[in-house]
Amino acid sequence: MLRERGEYDVEGCPKLWEEELKLTEKLENCCELKEQIKLFREKKSDLDKSGQILHKLGLLYKRRALDFLWKLHFALSVFDVIGNTPITRDIRHSIPRIRTSIRFAFIRSAALMNAAIVRNPSNAKQIGKDLDVLYRLVLEAANAKQVIYKINEIVKVSKDKVNSFRKKTCENLEKLENIPENISDEEVRERQKGKTEFMKKLQTLVSQNYADTMKYISSKVQQIMGNPPCRYAIVGMGSLAREEITPFSDFEHIILLEDEMFENMNEDDDSVKTESVLEYFRWFCVVFFMVVLGLKETRLYNVSIPSLNNNQNKKFKWFYDDHTPSGISFDVMALNASHFPLGRQEKTKNKPWTTELIKSVSRMVKYLDEDVDKKDGYKLANVLSNPCFVYGDESLYEKFVELSSNKIDAGKITGVESFQSQLDEDLENFDVDKILDSISGISYQPIGIKKFLFRSSTLFISALGRIHLNFEEFVSTSPFEVIKKLLNRQVLTQAGAHELAYAVAISCEVRLKLYFEKKQQNDISRNQFNIEENIQPLAPEIVNAIGKESFLDYIGIAQELHRTLKMREKTYKYQSTKNQIANRITNASKLGLLNKVIQLYQKHQNGLSEVEKISLISVFGQSLIMTGNFDQGLPLIYAVFNLPFIDLKSKLELAGIILKSLRFQRKRDDAISDFVKTNIERLNPREDFVQLLELHYMYGSYVITVLGSTLEASNIFQKMWDHLSNLEKLLPTFQGNLRKELEVCLQKYKPAYYIGWGRCDYKNGYYFLAIIKFKMCETELDESIEPSFQYRSLTYGLLSNCYVCINDPRVAREYCEKYLEVVKNVLPTSKLDCRDELEEMEMRKKYSHDPAKFKKYRFRMKFSPFC
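Just so you know, these numbers come straight off a predicted model, no measurement behind them. (Residues numbered from 1 in each chain as written. Predicted model: local features only at pLDDT ≥ 70, side-chain atom pairs only at ≥ 80, totals over all residues. Heavy atoms only, no water.)

### Examining the overall build of the chain
- Within the chain, the secondary structure is distributed over 34 helices and eight strands.
- Across the 867 residues in the chain, those meeting the buried criterion constitute 57%.
- In the chain, once contacts between residues fewer than 6 apart in sequence are set aside, the share between residues at least 24 apart is 71%. (Helix = DSSP H or I, 4+ residues; strand = E, 2+ residues; numbered from the N terminus. Buried < 20%, exposed > 50% of the residue type's maximum accessible area, 1.4 Å probe, protein only. Contact = heavy atoms within 4.5 Å.)

As structure tokens, then:
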């Protein structure tokens with residue numbers, strides 16, 4: 001990767017040093033591109049070499065810190081000698097920036113050297129000596145009371161504490177059994193209650209142990225630094241305050257100072273007295289950083305090394321650190337994060353100022369004002385509105401809570417409209433239905449555990465707490481306690497409270513179990529691909545961790561919670577099991593749990609009315625088809641389709657499912673085809689746009705695959721394009737969630753249209769035209785917020801076919817390799833048997849290196865499995 005030697009204006013660095021650029025270029029040679037995130041990561045075979053380079057980078061940043069220290073001493077001496085002149089005023093204004101540069105250079109130096117030890121443990125002794133020198137320099141620069149204090153001793157004790165409470169947590173988790181299948185509803189409910197109570201106690205214990213570790217480090221840092229210049233309190237935020245923290249989570253926190261110290265001073269000015277107070281706590285934070293970095297669980301991305309992960313210059317944002325385990329660390333130094341005392345120190349064009357989180361109580365409370373937060377708080381109001389005490393003078397924390405309560409309960413922050421806007425944004429970002437679709441049959445995304453099985457419940461239970469509870473009731477409160485208080489206020493029924501608490505228990509359980517399995521904070525769970533089995537559960541890690549029953553329970557509860565909040569209802573409405581049967585069957589089918597689909601249908605089909613039975617049969621049939629069981633599912637869909645009282649819209653939806661099944665089986669049904677052809681335009685384009693576009697795509701794909709009529713298929717895809725164009729013009733007239741739904745719909749069906757249109761050209765032998773269409777599809781997928789990996793794999797396969805047909809083995813092989821990478825690394829098991837496609841691609845990849853074999857292969861390729 002070529003990177004320019006440009007300016008870097010953050011923290012006063014004039015330019016990236018030439019030596020640093022040379023070292024990062026050497027590091028790049030030890031790396032390979034990680035396609036999914038478009039960044040470079042280190043090759044395992046070159047870890048020793050990359051460790052040596054990171055060690056040298058760490059030493060370079062130590063020199064940079066010393067360079068800035070020299071500049072600081074020079075600036076201070078000039079100011080003392082010459083006095084207050086225009087020249088020295090400029091120098092004086094640069095002093096805070098130089099001091100910040102010193103601190104961040106030390107932090108980055110420590111991070112790099114600890115990362116080097118992770119990669120090259122054999123050099124730990126030598127690197128450890130360099131770290132000891134670094135610690136001594138830090139303590140000297142901090143003007144610490146105990147300059148010769150061995151920080152490594154604090155690191156060792158802290159590591160022992162962390163390992164101890166991790167071990168206890170893991171032992172407790174092993175006692176937690178999954179709820180078995182085929183037990184009575186009463187027994188299920190009792191087991192759910194037991195699991196909820198168990199997880200509630202465990203999360204409280206984890207939070208206490210985590211806070212105790214931070215208290216220990218804080219006390220030792222104070223001992224090193226000497227007596228503080230004023231009373232202070234370290235206040236935790238985020239998951240620690242909500243008792244949702246894990247033994248691998250980062251530490252979001254602020255430092256509160258007593259108001260009395262600043263009664264006759266302005267915290268914003270740079271008076272000597274003000275600076276001396278703030279400088280103590282800034283260096284307190286740096287020393288704290290040294291200890292946390294010594295745990296060797298802070299990824300380099302977290303500290304934003306300018307030549308590796310530059311937040312403001314994409315040319316210098318290329319490095320992905322996946323070898324340092326992600327565990328206990330400070331918050332990431334990103335422009336929208338940096339929730340630690342040193343705060344956000346990078347200036348941007350839109351926000352040319354910094355935000356430090358070492359402030360007096362009264363000043364910190366101002367961030368709860370919506371206007372202040374929007375101006376320079378990077379959404380601080382949200383995290384500050386739920387703090388917890390960690391260390392120091394607890395009366396300062398209590399005063400902060402009191403002042404915050406007065407401000408929030410008086411309605412001075414985040415009014416109803418702003419709160420609802422944030423809630424709508426969260427409902428969109430953490431929509432469990434959307435995520436479930438993306439990991440099943442629509443876009444085959446990898447699963448984000450935190451997003452899918454954590455934030456999708458806890459975030460919205462917190463939202464209910466904000467709606468119904470005052471600040472003092474809500475502050476430093478876990479979701480379990482929020483639910484209990486909502487129950488006491490009769491906002492929730494007993495059944496509803498039980499369901500929500502159980503959802504929180506499941507989300508905490510799966511997060512802890514998977515973190516412990518990976519021995520770090522890793523929220524990505526990949527689906528497994530197995531070409532030997534047609535049906536296999538998706539999300540196997542999650543299913544194994546908590547069981548099928550709990551997984552389906554969680555999804556159903558989260559779906560209902562989201563639905564009620566989207567409908568502007570202020571509480572969760574408990575739904576009986578009877579009303580959830582269809583949802584559970586559909587969700588089980590999306591997750592590939594065929595046995596569960598059949599089990600649920602057999603268990604609940606008795607005792608339903610005729611209308612309910614028909615609805616359940618339809619869902620059951622669709623679920624069988626989704627899991628690839630056409631012989632069992634298709635007759636059920638036909639049976640429902642032929643009932644006389646089914647309305648047209650439902651019939652068309654069922655017809656689309658039948659066409660999809662027939663296409664995959666290469667079977668035809670002229671009656672169904674004629675029915676769709678006659679009635680498809682009777683759908684309302686404005687109201688039924690998703691169904692209309694889906695039906696056009698399914699119908700066109702059926703015609704070209706089964707009937708082999710490219711002319712008719714072209715006409716169908718042209719009508720699909722007309723609808724897409726009209727919907728794009730109508731987009732400004734849509735509002736709220738409906739507009740977002742239409743935007744997602746357009747992003748999905750534009751690539752689908754290009755695939756359908758391109759297949760017509762391909763079938764007609766117009767390979768160059770087909771390539772243009774498929775590349776347009778590729779461009780649409782690249783620009784899409786949530787690209788469909790299913791469409792991407794299909795596009796790569798079709799492009800590879802085209803290049804085979806025009807006798808370009810090199811490019812055919814490139815797209816063949818792209819196809820294989822997507823299928824093997826991203827896609828879950830297909831709803832169809834993918835063996836033929838995979839075998840053909842492997843054969844094509846092999847033959848593309850031999851012109852003679854490739855020529856024979858071209859003549860032998862009579863039919864493409866992709867078309």
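Now that the structure has been shown, the text picks up again.
### Observations regarding helix α17 (residues 479-488)
- Those residues of α17 not exposed but buried are P479, F480, V482, I483 and L486. Viewed end-on, α17 has its buried residues packed into an arc of 160 degrees, placing them on one side of the element.
- Buried residues belonging to α17 abut α6 (185-225), α15 (455-468), α16 (471-474) and α18 (494-518).
- The positive-phi residue at the C-terminal boundary of α17 is Q490, with phi of around 60 degrees. (Arc of directions from axis to C-beta.)

### Some points on the pattern of salt bridges
- Counted according to the given criterion, the structure contains 38 salt bridges.
- Sharing partners across several salt bridges, the network here consists of R99, R103, E275, E279, R282 and E356. (Salt bridge = Lys/Arg side-chain N within 4 Å of Asp/Glu carboxyl O.)

### Overview of the nonpolar core
- In this structure, F106, L257 and M290 are the most contacted members of the largest nonpolar core, which totals 163 residues.
- Here the element with the most residues in this core is helix α7 (residues 272-294); it accounts for 15 residues.
- Look past the residues within four positions of L257 in its chain and what remains in contact with it is C230, R231, Y232, F262, V277, L278, F281, I358, K359, S360, V361 and L396.
- Membership of the second largest hydrophobic core comes to 72 residues, among which are F641, I657, L683 and Y796. (Core = buried A, V, L, I, M, F, W, Y, C linked by side-chain atoms within 4.5 Å.)

### Some remarks on the confidence of the model for the chain
- Looking at the chain as a whole, the pLDDT averages 82, with 84% of positions reaching at least 70.
- Confidence scores differ between elements of the chain, with helix α9 (residues 370-376) showing the lowest mean pLDDT of 62 and strand β3 (residues 232-236) the highest of 97.
- A low-confidence stretch, residues 1-14 (pLDDT under 50), is modelled with 41 contacts involving residues beyond four sequence positions or located in other chains. (pLDDT = per-residue confidence, 0-100.)

### Section: unusual backbone geometry
- Although it is not a glycine, N143 sits at a positive phi angle of roughly 55 degrees.
- Take N143: it is sitting in the loop between α4 (124-141) and α5 (151-174).

### A few points about the packing of α15 against helix α20 (residues 548-566)
- It is the contact of α15 with α20, at a shortest axis distance of 10 Å, that shows an interaxial angle of 40 degrees. Here α15 is positioned oblique relative to α20, judged by the angle of their axes. Here α15 runs over α20; the crossing is left-handed. Residues S456, S457, F460, I461 and L464 of α15 lie in contact with α20, whose contacting residues are Y554, A558, L561, H562 and L565.
- Taken together, the residues of the contact of α15 with α20 break down into seven nonpolar, three polar and no charged. (Axes fitted to C-alpha atoms, helices over the stretch in contact; angles between N-to-C directions. Parallel < 35°, antiparallel > 145°, perpendicular 65-115°, else oblique. Left-handed = near helix turned anticlockwise from the far one by under 90°. Nonpolar A, V, L, I, M, F, W, Y, C, P; charged D, E, K, R; others polar.)

### What to know about a nonpolar patch on the surface
- Taken together, the side chains of Y766, L769, I772 and M776 present a nonpolar region at the surface, about 370 Å² in accessible area.
- By the secondary structure assignment, M776 is in helix α30 (residues 767-783).
- With relative accessibility at 33%, the residue M776 sits in the partly exposed group. (Patch = residues over 30% accessible without salt bridge, like charges linked within 9 Å, V, L, I, M, F, W, Y side chains within 5 Å. Areas by Shrake-Rupley, 256 points an atom, 1.4 Å probe, with all protein chains shown as cover.)

### Looking at the sheet that holds strand β6 (residues 388-392)
- With mixed pairing, the four strands of this open sheet are ordered in space as β5-β4-β3-β6. A single partner strand is all that each edge strand has here, and the edge strands are β5 (358-360) and β6. Here the average twist between neighbouring strands, direction ignored, is 35 degrees.
- Of the pairings in the sheet, the one linking β3 to strand β4 (residues 253-257) comprises five bridges and is antiparallel in character. For V235, the partnering residue across the bridge sits in β4 and is I254.
- Seen against the sheet, α6 touches β3 and β6 and runs at an angle of roughly 30 degrees to β6. (Pairing = 2+ DSSP bridges.)

### So, the packing of helix α23 (residues 610-626) against helix α25 (residues 648-665)
- As a packed pair, α23 and α25 sit with axes 11 Å apart at the nearest point and diverge in direction by 25 degrees. Looking at the two axes, α23 sits roughly parallel to α25. The element α23 and its partner α25 pack so that their crossing is left-handed. Each of S618, Q622 and I625 in α23 lies in contact with α25, whose residues at this interface are L654, I657 and S661.
- Class assignment for the residues of the contact of α23 with α25 results in three nonpolar, three polar and no charged.

### Quick word on the packing of aromatic side chains
- By the definition in use, this model includes 31 aromatic pairs.
- Aromatic side chains F288 and F330 sit 5.6 Å apart centroid to centroid with 55 degrees between the ring planes, which places their arrangement in the tilted category. Pair noted here: F288 is in helix α7 and F330 is in the loop between α7 and β5, with a separation of 42 residues, a long-range link.
- Accessibility expressed as a relative area gives 2% for F288, which makes it buried.
- Ring geometry for F630 against F664: centres 6.3 Å apart, planes inclined by 45 degrees, an arrangement best described as tilted. (Phe/Tyr/Trp six-rings, centres within 6.5 Å; stacked < 30°, edge-to-face > 60°.)

### So, the side chain of R455
- On the secondary structure map, R455 appears in helix α15.
- The buried category is assigned to R455, whose relative accessible area is 19%.
- Beyond its immediate stretch of four places on either side in the chain, R455 contacts R242, E244, F430, K450 and F460.

### Let's talk about the side chain of E42
- Following the sequence through the fold, E42 ends up in strand β2 (residues 39-42).
- Only 2.9 Å separates the side chain of E42 from the side chain of S50, close enough to count as a polar contact.
- Within the local environment of E42, its side chain forms a polar contact with the side chain of R119, the two groups lying 2.5 Å apart.
- Filtering out sequence-adjacent residues up to four positions away, E42 remains in contact with L27, C30, C31, L47, S50, L54, R119, F319, D321 and H323. (Polar contact = N/O pair within 3.5 Å; in protein donor to acceptor, adjacent residues only side chain to side chain.)

### Digging into the environment of P751
- Along the chain, P751 turns up in helix α29 (residues 736-763).
- Exposure remark for P751: the relative accessible area of 1% places this residue in the buried category.
- Along the chain, P751 and E780 lie 29 residues apart, while their C-alpha atoms are 6.1 Å from each other.

### With respect to the environment of Y819
- As for its position among the elements, Y819 is in helix α32 (residues 809-825).
- Taking the C-alpha atoms as reference points, Y819 and G797, 22 residues apart in sequence, are found 5.9 Å from one another.

### Describing the environment of V277
- Residue placement: V277 occurs in helix α7.
- Overall, the relative accessible area of 3% leaves V277 in the buried class.

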